[in-house]
Amino acid sequence: MECVFGMVGDGFALVAADTSAVHSILVHKSNEDKVMILDSHKLLGASGEAGDRSFTEYIQKNVHVYEFRNGIPLTTAATANFTRCELALALRKVRPSCPVHIVFLVSQNPYFVNILLAGYDKNIGPSLYYIDYIATLHKVDKGAFGYGSYFTLSMMDRHYKSGMSLEEAIDLVDKCIIEIRSRLVVAPPNFVIKIVDKDGAREYAWRESIKDAAGVSAA
Amino acid sequence: MARYDRAITVFSPDGHLFQVEYALEAVRKGNAAVGVRGTDTIVLGVEKKSTPKLQDSRSVRKIVSLDTHIALACAGLKADARVLINRARIECQSHRLTVEDPVTVEYITRYIAGLQQKYTQSGGVRPFGLSTLIVGFDPYTGVPALYQTDPSGTFSAWKANATGRNSNSMREFLEKNYKETSGQETVKLAIRALLEVVESGGKNIEIAVMTKEHGLRQLEEAEIDAIVAEIEAEKAAAEAAKKAPSRDT
């Protein structure tokens, strides 16, 4: 039901995510932004249990502490490894109580959140990291989570090539969204697309087929 | 590990906490630091004692950011400062995480002062040997604020204050010359206060200016030199005017 996917292009990386907040058969809202802007040049798209998606806020605050402490931002690779470590620790270890960094919860349950981390570093360029809820970490060119991944991965396998321009990449994203909408039985209606490049991380567009308006439904 | 339960900071018969007072002594030996609050600008200035030739002065930052809208300068034991600053930075982000709002200047000052107080009432530890000047803009009202904490854990808000070496002279100067200022005038007032006790010149002073729009900005040595030159010129002009008042027709 929840779909997050992303890819790396020429000088940029993008993450697209659906925007439904669902509880069993009820859609709470269809404009829930699941792609967090971590800092000036990083995006974190998270899919999974709604409560655990706030894990991304925790990562964001720790990234900010690092920046204040050291005067320079964390690299994307370092952030990915930090995130993975936090997920791994939550699998087995009881947290220390004195704040080395911010303590979130004393928890031994996994955070049920799958993450695509996209970032741009000055000397490295764009990068994308696939981090799943049991702390798998892979640096990838394209990745996807959720039921939508069955369709988006196939579409990307067919159409993705490295070094795509932004227009080509958005075109591929739209193709993926069409596949999800037409082939997934409980397809989410709306998506948000965010990109990160040398000019920073920002929202690129929404793809809405249903607006959260009272009464009137969109075409 | 053995439990540390023996208190080090205990009352004297006449009601003094000597460890805290000795900590204040350590502050008095630290570098001079001054803070001035203007209507739209807050300035922090710190004396830079002569840097050894081989030292990379960029690694010795005396005015630091705690968050995008809060900055801190201190006088006293710099290693103790590092610990407090670290905890404060974490607290700033922790506050943002739990209540989704940035800290107010008063909140983070209260937090730092609370930490300093805790170490005057715990077993096996000594007080932090530093006083801090904390500045920032209220994230909701945009009102500028300047606070000071000391090793005892007390804090209060100020229009302008100084701490560290010769802080009394600087404070006297500020009491005599303080008026509501904004922008560059606030910077000048802070530098004039520092120049009372510090050898003049850009390389002996570190100045940082905080505004609502641009956050904290450290001034370059050349900028500081230029302002110092302006101040000296104004002083000279004032002296000349004093010496020959009858000449003005």
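Rules behind the numbers
Residues numbered from 1 in each chain as written. Chains lettered and ligands numbered in written order. Predicted model: local features only at pLDDT ≥ 70, side-chain atom pairs only at ≥ 80, totals over all residues. Heavy atoms only, no water. UniProt positions renumbered as here; feature names shortened; annotations may be inferred. Helix = DSSP H or I, 4+ residues; strand = E, 2+ residues; numbered from the N terminus. Buried < 20%, exposed > 50% of the residue type's maximum accessible area, 1.4 Å probe, protein only. Polar contact = N/O pair within 3.5 Å; in protein donor to acceptor, adjacent residues only side chain to side chain. Contact = heavy atoms within 4.5 Å. Axes fitted to C-alpha atoms, helices over the stretch in contact; angles between N-to-C directions. Parallel < 35°, antiparallel > 145°, perpendicular 65-115°, else oblique. Left-handed = near helix turned anticlockwise from the far one by under 90°. Nonpolar A, V, L, I, M, F, W, Y, C, P; charged D, E, K, R; others polar. Pairing = 2+ DSSP bridges. Phe/Tyr/Trp six-rings, centres within 6.5 Å; stacked < 30°, edge-to-face > 60°.

Taking an unreviewed UniProt entry as the reference, chain B is identified by name as Proteasome subunit alpha type belonging to Ensete ventricosum. Here chain B is described in UniProt, under the heading Function (unreviewed entry), as follows: "The proteasome is a multicatalytic proteinase complex which is characterized by its ability to cleave peptides with Arg, Phe, Tyr, Leu, and Glu adjacent to the leaving group at neutral or slightly basic pH. The proteasome has an ATP-dependent proteolytic activity."

If you check an unreviewed UniProt entry, chain A appears there as Proteasome subunit beta from Ensete ventricosum.

Engineer: Teacher, can you tell me more about the side chain of H95 of chain B here?
Structural biologist: Residues and elements named next belong to chain B. On the secondary structure map, H95 appears in helix α2 (residues 78–99). H95 sits in the buried class, given a relative accessible area of 13%. In this structure the side chain of H95 is engaged in a polar contact, spanning 2.9 Å, whose partner is the backbone oxygen of D101. Setting aside residues up to four positions removed in sequence, H95 forms contacts with E100, D101, P102, V103 and Y107.

Engineer: What is the right way to read the packing of helix α1 (residues 55–70) of chain A against α2 of chain B from this model?
Structural biologist: Each pair of packed helices gets described by two things: the angle between the helix axes and the distance between those axes. Contact pair α1 of chain A / α2 of chain B: the axes reach a minimum separation of 9 Å and the direction vectors enclose 155°. The angle between α1 of chain A and α2 of chain B falls in the class roughly antiparallel. Crossing hand, α1 of chain A versus α2 of chain B: right-handed. In this structure, α1 of chain A uses E57, Y58, K61, H64, V65, F68 and R69 of chain A to contact α2 of chain B, whose residues at the interface are N86, R89, I90, Q93, R96 and L97 of chain B. Each residue belonging to the contact of α1 of chain A with α2 of chain B can be placed in one class, and the counts come to 5 nonpolar, 3 polar and 5 charged.

Engineer: How do you make sense of the sheet that holds strand β11 (residues 191–197) of chain A when you look at a structure like this?
Structural biologist: The strands making up a sheet associate through hydrogen bonds between their backbones, and the pairing can be parallel or antiparallel. Residue and element names in this part refer to chain A. Across the sheet, 5 strands lie side by side as β10-β1-β2-β11-β12; this open sheet has antiparallel pairing. The open sheet has two free edges, formed respectively by β10 (142–145) and β12 (200–207), since each of these has just one partner strand. Geometrically, the sheet is characterised by an average inter-axis angle of 15° between neighbouring strands, direction not taken into account. Relative to β12, β11 runs antiparallel, the two being bridged by 7 bridges. Pairing of F191 across the sheet is with R207, part of β12. In the packing of helix α3 (residues 148–159) onto the sheet, the strands contacted are β1 (4–8) and β10, and the crossing angle to β10 comes to about 165°.

Engineer: Please explain the sheet that holds strand β3 (residues 63–67) of chain B as it appears in this structure.
Structural biologist: Residue and element names in this part refer to chain B. One open sheet holds the 5 strands; their spatial order is β3-β4-β5-β6-β7, and the pairing between them is antiparallel. Of all the strands in the sheet, the pair left with one neighbour each is β3 and β7 (155–157). Put simply, the sheet's adjacent strands are angled 25° from each other on average, direction ignored. Of the strand pairs in this sheet, strand β6 (residues 144–149) and β7 are connected by 3 bridges, and their pairing is antiparallel. Residue pairing across strands places Q148 opposite S156, the latter belonging to β7. Taken strand by strand, α2 contacts β3, β4 (70–76) and β5 (130–137), and its axis lies near 25° from that of β3.

Engineer: Please explain the packing of aromatic side chains as it appears in this structure.
Structural biologist: Two aromatic rings are characterised by how far apart their centres lie and by the angle between their planes. Counted under the stated rule, the structure contains 8 aromatic pairs over all chains. Ring plane angle 35° and centroid distance 4.5 Å describe the contact between F55 of chain A and Y111 of chain A, whose orientation is recorded as tilted. Taken together, the residues F55 of chain A in helix α1 and Y111 of chain A in the loop between α2 (76–92) and β7 (113–121) connect sequence positions 56 residues apart. For the pair shown, F55 of chain A and Y111 of chain A are each scored as buried. Between Y147 of chain B and F155 of chain B the ring centres are 6.2 Å apart and the planes differ by 50°, which places this aromatic pair in the tilted class. When its relative accessible area of 14% is taken as the criterion, Y147 of chain B is described as buried. Exposure remark for F155 of chain B: the relative accessible area of 29% places this residue in the partly exposed category. One aromatic cluster is present, formed by F55, Y58 and Y111 of chain A through successive ring pairs.

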